[in-house]
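Listed below, chain by chain, are the residues.
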Amino acid sequence: MAADTPAGTPATQTGSQTLSRGIRLLEILAAADRNLTIDELAAELGVHRSVAYRLLRTLEDHGLVARDSAGRVTLGTGLAALASGVARDLQQVALPELTDVANELGMTCLLAVQVDADEAATLVSAAPRQSMAVVSYRPGHRHPLTRGGPGKAILASLPDVAWPDAATTALRSEIAVTRERGYAVSHDEVVPSLRSVAVPLTLPGQPAASIAVIHVSFAQAEAEIASRLVAAAAAVRRAYGA
């Protein structure tokens, strides 16, 4: 038995825990708005610094993380090769539509997908060519389904029994309004000062999804923006063969 395996603990359980921690470390880096120190990562993971260091060394060997000149940790370029195969068809058909919306509205446009019972993640995004304030939403950014326009639009497409336990009575009332008008909105919920409008996107063989625009302020009415997103969602469905 390995020295760091507690007595009575199956090796597969220990291995799964190590894998889970490595994946969680990548998720923490993806959600962070800056490079993190090893101590910060260890604190986020709830492990000793030496454990976090061993995880980082393994991920570094595979090019999944890297360290800057100050020793802080960031996601590595090796993730790009892995990400290129994730929902490739959906990314390919969605990106032209997202780009058109971004340039027409002057706002970042993204496609988010449900990744588990509680969270959604950005699958692909497009920034406008010309804008005074471009909001960057990189692929892999995760956020709760219960907060933000993209998550709420996904909830609106799901049966209530599939919602996270964290869904409050107030949120259920809000989603009822979202379903009636056909789009979700949010102000300052995921990132302070940012606003979003989102519509559901349902595709066969794909997890629940949404298309959203993110910006610091809206020159157009939210209903007008939503109408453009509905058209984009319909175009994505047609291109996907749905």
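Quick summary incoming for the structure in this document. Please read these numbers as outputs of a predicted model, since none were measured by experiment. (Residues numbered from 1 in each chain as written. Predicted model: local features only at pLDDT ≥ 70, side-chain atom pairs only at ≥ 80, totals over all residues. Heavy atoms only, no water.)

### Quick look at the overall build of the chain
Part 1: For the chain, the count of helices and strands is 8 helices and 8 strands.
Part 2: Looking at the chain as a whole, 41% of its 242 residues are labelled buried.
Part 3: Total accessible area computed for the chain in this model is approximately 12500 Å², and 53% of it derives from carbon and sulfur atoms. (Helix = DSSP H or I, 4+ residues; strand = E, 2+ residues; numbered from the N terminus. Buried < 20%, exposed > 50% of the residue type's maximum accessible area, 1.4 Å probe, protein only. Areas by Shrake-Rupley, 256 points an atom, 1.4 Å probe, with all protein chains shown as cover.)

### Side note on the sheet that holds strand β6 (residues 184-187)
Part 1: Overall, antiparallel pairing links the 6 strands, which are arranged β5-β4-β3-β8-β7-β6 in an open sheet. The outermost strands of the open sheet, each flanked by one partner alone, are β5 (142-144) and β6. Neighbour-to-neighbour, the strand axes of this sheet turn through a mean angle of 30°, independent of strand direction.
Part 2: Examined bridge by bridge, strand β7 (residues 195-201) and strand β8 (residues 209-215) share 7 bridges and lie antiparallel to one another. Within the sheet, the bridge partner assigned to Ala198 lies in β8 and is Ala212.
Part 3: Here helix α6 (residues 149-157) sits on the sheet and contacts β3 (108-114), β4 (119-126), β5, β6, β7 and β8; the angle it forms with β7, its principal contact strand, is near 30°. (Pairing = 2+ DSSP bridges. Axes fitted to C-alpha atoms, helices over the stretch in contact; angles between N-to-C directions. Contact = heavy atoms within 4.5 Å.)

### So, α6
Part 1: Counting buried positions along α6 gives 8 out of 9 residues, so the element sits mostly inside the fold.
Part 2: Buried within α6 we find Gly149, Pro150, Gly151, Lys152, Ala153, Ile154, Leu155 and Ala156.

### Quick word on the pattern of salt bridges
It is possible for side chains of opposite charge to pair when their charged atoms get near one another.
Part 1: The tally for this structure, following the rule as stated, stands at 13 salt bridges.
Part 2: The partner of Asp116 in a salt bridge is Arg142, and the shortest N-O contact between them spans 3.0 Å. Residue Asp116 is located in the loop between β3 and β4, and its partner Arg142 is located in strand β5; the two are separated by 26 residues in the primary sequence.
Part 3: In this structure, Arg195 and Glu222 form a salt bridge, with 3.7 Å as the shortest nitrogen-oxygen distance. Of the two residues, Arg195 is situated in strand β7 and Glu222 in helix α8 (residues 222-240); the sequence distance between them amounts to 27 residues.
Part 4: On the accessibility criterion, Arg195 (27% relative accessible area) is partly exposed.
Part 5: Look at the salt bridges and you will find they share partners, linking Arg24, Glu27, Asp116, Glu119 and Arg142 into a network. (Salt bridge = Lys/Arg side-chain N within 4 Å of Asp/Glu carboxyl O.)

### Brief notes about the packing of helix α2 (residues 38-45) against helix α3 (residues 49-61)
Part 1: With their axes 9 Å apart at the nearest point, α2 and α3 run at an angle of 105° to one another. Classified by the angle between their axes, α2 and α3 sit roughly perpendicular to one another. Listed contacts from α3 to Ile38, Asp39, Leu41, Ala42 and Leu45 of α2 are Arg49, Ala52, Tyr53, Leu55 and Leu56.
Part 2: A per-class count over the contact of α2 with α3 returns 8 nonpolar, no polar and 2 charged. (Parallel < 35°, antiparallel > 145°, perpendicular 65-115°, else oblique. Nonpolar A, V, L, I, M, F, W, Y, C, P; charged D, E, K, R; others polar.)

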